[in-house]
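Single-letter residue listing:
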Amino acid sequence: MLRVGEALIEKIHEHGARDYPNECCGALLGNDEGANRTVLGLVPLVNQRNDSPRNRFSITADDVRLAEKEASAKGWELIGWYHSHPDSPARPSEFDREHAWPWYSYIIFQVEKGEPREMRSWRLDDDRVKYQEEGIEFISSVPR
Amino acid sequence: MGVKVIIPTPLRQFAGKRESVDLEANTVAEALGSLTSQFGELKKHLYSDDGRLRSFVNVYVNDEDIRYLQKEKTTLQQGDTISIVPSIAGGTE
């Protein structure tokens, strides 16, 4: 289960609406407690896929390292990523699967005609064959 | 050469939960070969079926991207640190 505070959900939604019709992306920082994870902060990032930003996103290794440092400085971990699917369902594509690692939580949310809609979280199986959906628990305040 | 490979958090579960692995290698290819023969489950997450490093897997020797060195043929010195960092990509169909 991935626990996410409503304020952070709102920030992710705003990012997706702002970048529509392009895909937005960012890092999820927080705590991994085994079966449960809590998102405690975000690092909104710039989609580097200038050639086809409407159906692709890319986060550079430098930005990954930046997000890792930010998490570490706060005593948290880099637990996953979020990205939007403009006018497409909130489920991972084959392209997503080919470029994923297990362990990370991948939040995907649909932005329909500029309006944020369904949000789901996914984790890749260890054998890389398919994803499992990870439930999202929306919480009003984040426990510290 | 004795070198250290830093294991990224998502892959530690496939490397005996270790944060880093010390091994002997003269090149990056040897280091990654040694790592993946020691921890076979790592291989599919670092390499694609054709045996090449996956496009989103980046390797650094002491903070220098091996793409700007001699790629996997990059030679190593005693005490070098190798880092494996993903770039993140995806999108709709």
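Residues numbered from 1 in each chain as written. Chains lettered and ligands numbered in written order. Predicted model: local features only at pLDDT ≥ 70, side-chain atom pairs only at ≥ 80, totals over all residues. Heavy atoms only, no water.

### Remarks on the pairing of strand S1 (residues 2-5) of chain A
All names here are of chain A.
Then comes step 1: By the bridge criterion, four bridges tie S1 to strand S9 (residues 136-139) in an arrangement that is parallel. Considered in S9, the bridge of Arg3 is made with Glu137.
Then comes step 2: Alignment of S1 against strand S3 (residues 36-45), held across three bridges, turns out to be parallel. Looking at the pairing, Leu2 lines up with Arg37 of S3. (Pairing = 2+ DSSP bridges. Helix = DSSP H or I, 4+ residues; strand = E, 2+ residues; numbered from the N terminus.)

### A short note on the pairing of strand S3 (residues 57-61) of chain B
All names here are of chain B.
Then comes step 1: Taken across its five residues, S3 has five buried, putting it largely inside the fold.
Then comes step 2: The two faces of S3 match: Val57, Val59 and Val61 on one face and Asn58 and Tyr60 on the other face are all buried.
Then comes step 3: Two strands pair when backbone bridges link them, and S3 and strand S5 (residues 81-86) are joined in this way by five bridges, in the antiparallel orientation. Counterpart to Val61 in the pairing with S5 is Ile82.
Then comes step 4: Counting the residues in the hairpin turn of S3 and strand S4 (residues 64-65) gives two residues, including Asn62, whose phi is positive at 50 degrees. (Buried < 20%, exposed > 50% of the residue type's maximum accessible area, 1.4 Å probe, protein only.)

### What to know about the interface of chain A and chain B
Then comes step 1: Contacts between the two partners involve 31 residues from chain A, matched on the other side by 27 residues from chain B.
Then comes step 2: Of the roughly 2,500 Å² buried between chain A and chain B, counting both surfaces, carbon and sulfur atoms make up 60%.
Then comes step 3: Of all residues in chain A, Arg65, His99 and Trp101 of chain A give up the largest surface area on contact with chain B, accounting jointly for 31% of the area buried on that side.
Then comes step 4: There are one salt bridge connecting chain A and chain B.
Then comes step 5: Those elements that place two or more of their residues in the side of chain A that touches chain B are strand S4 (57-59), helix H2 (61-73), strand S5 (77-86) and helix H3 (94-98) of chain A.
Then comes step 6: Of the residues that constitute the side of chain A that touches chain B, the class distribution is 11 nonpolar, eight polar and 12 charged.
Then comes step 7: Across three bridges, the pairing between S4 of chain A and strand S6 (residues 88-90) of chain B is antiparallel. (Contact = heavy atoms within 4.5 Å. Buried area = accessible area lost by both parts, 1.4 Å probe. Salt bridge = Lys/Arg side-chain N within 4 Å of Asp/Glu carboxyl O. Nonpolar A, V, L, I, M, F, W, Y, C, P; charged D, E, K, R; others polar.)

The values reported here are purely geometric and, on their own, carry no functional implication.
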